Amino acid sequence: MRDISQEVAARKSRAEFVGSVSHEVKAPLNTIGLYAQMISEHHEDAAFLVEAQNTIEQEVERMTRLIHNLLSMTQIEMGTFELDPQRTQLTEMVQDCINMLDHGANKERINVLASDKLPPVQVDKELLRIAVSNLLTNAFKYSPADTPTIVQINESPEAITIGVTDQGLGISTADQERIFDKFYRSESHAQSDTPGHGLGLSIAREIVNLHHGSLTVISALSEGTTFTIELWKNTGVAAHAI
Ligand code: ADP
């Protein structure tokens, strides 16, 4: 006799996973297909062509982000992801993330506060960039356009930390337990127009875990949210700070 409840649960979550991914890929493809058809009928309507171009670009960006996240997550879970630690200045890396945000994002909203003389760290720059970008994208998505987003990079005796704070919708205590699960979205967001796949935080946490760090959240509904990445100095890659 063996307890198969875990295997059954794993099979179920795999099926749910495939179902959700298929849906997430089908939806933008449908939109792109629809616009492709309509372009041939409305090719003389300049305003329509601009709308079509913007929509197609947005949908392609959305799919690209999904595929990027899925590929990294699959590699991490299969254990085939080889970390490529490089000497990194976190302030520069955060600036890269900001530069690479979707066009259309109002980057003026972001204030970066970094303590002086931060030591460089040995991290997988490409990977950590995905984690920080996911936090920044969320801060933008889930807060009003006229509120600031603050990125703080600090050093304590134990850790080097990157905090991303928004003054947005906040996350309920119950949801704070679940937002790191794959495909989980707060009910209000899942039902709203805010685009998303519920993957950003789970991949961000996996990436931070690979660096033996931690990703935590502090949030209050209607006030805002802070996500903090902690790279512990005494463990893993952050220990090799030069
Ligand atoms: P996505 O944003 O694509 O839905 P994530 O995994 O990045 O997926 O986030 C999961 C859920 O956590 C979001 O759907 C949202 O409900 C909640 N969330 C994440 N970041 C924030 C934030 N900064 N403010 C409020 N809610 C957030």
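(A) Structural detail: the overall build of the protein chain. What the protein chain contains, in helices and strands, is seven helices and seven strands. Going from N to C terminus, the protein chain has its helices and strands arranged as α-α-β-α-β-β-α-β-β-α-α-α-β-β. With 242 residues in all, the protein chain has 40% of them scored as buried. Partitioning the contacts of the protein chain with sequence separation of at least 6, the portion at a separation of at least 24 is 70%. When the accessible surface of the protein chain is split by element, carbon and sulfur atoms take 53% of a total near 13700 Å².

(B) Geometry of the packing of aromatic side chains. Taken as a whole and assessed by the stated rule, the structure comprises two aromatic pairs. Here Tyr 35 and Phe 48 contribute two aromatic rings whose centre-to-centre distance is 5.8 Å and whose plane-to-plane angle is 20 degrees, an arrangement assigned as stacked. Placement of Tyr 35 in helix α1 (residues 5–41) and of Phe 48 in helix α2 (residues 46–78) is noted, with a sequence separation of 13 residues between them. Take Tyr 35 and Phe 48: they sit in the same class, and that class is buried. Arranged with centres 6.2 Å apart and planes meeting at 85 degrees, the rings of Phe 180 and Phe 227 form a pair that is edge-to-face. Of this pair, Phe 180 sits in the loop between α5 (173–176) and α6 (187–190) while Phe 227 is found in strand β7 (residues 224–232), placing the two residues 47 residues apart along the sequence. Judged by its relative accessible area of 10%, Phe 180 falls in the buried class. The exposure class of Phe 227 is buried, given its relative accessible area of 6%. Lying over the aromatic face of Phe 140, Arg 109 brings its terminal NZ or CZ to 4.5 Å of the ring centre. Directly above the aromatic system of Phe 180 lies the positively charged group of Arg 205, at a separation of 3.7 Å from the ring centroid.

(C) Local environment of the side chain of Arg 185. With respect to the element layout, Arg 185 can be found in the loop between α5 and α6. The exposure class of Arg 185 is buried, given its relative accessible area of 15%. Engagement of the side chain of Arg 185 in a polar contact is seen with the side chain of Tyr 142, the distance being 3.0 Å.

(D) Layout of the pairing of β7. Where strand β5 (residues 159–166) meets β7, eight bridges bridge the pair, whose relative direction is antiparallel. Counted as the bridge partner of Ala 159 is Trp 232 from β7. Across seven bridges, the pairing between strand β6 (residues 214–220) and β7 is antiparallel. Note on β7: the bridge partner recorded for Ile 218 is Thr 226.

The rules we used
- Residues numbered from 1 in each chain as written.
- Predicted model: local features only at pLDDT ≥ 70, side-chain atom pairs only at ≥ 80, totals over all residues.
- Heavy atoms only, no water.
- Helix = DSSP H or I, 4+ residues; strand = E, 2+ residues; numbered from the N terminus.
- Buried < 20%, exposed > 50% of the residue type's maximum accessible area, 1.4 Å probe, protein only.
- Contact = heavy atoms within 4.5 Å.
- Areas by Shrake-Rupley, 256 points an atom, 1.4 Å probe, with all protein chains shown as cover.
- Phe/Tyr/Trp six-rings, centres within 6.5 Å; stacked < 30°, edge-to-face > 60°.
- Lys NZ or Arg CZ within 6 Å of the ring centre and 35° of its normal.
- Polar contact = N/O pair within 3.5 Å; in protein donor to acceptor, adjacent residues only side chain to side chain.
- Pairing = 2+ DSSP bridges.

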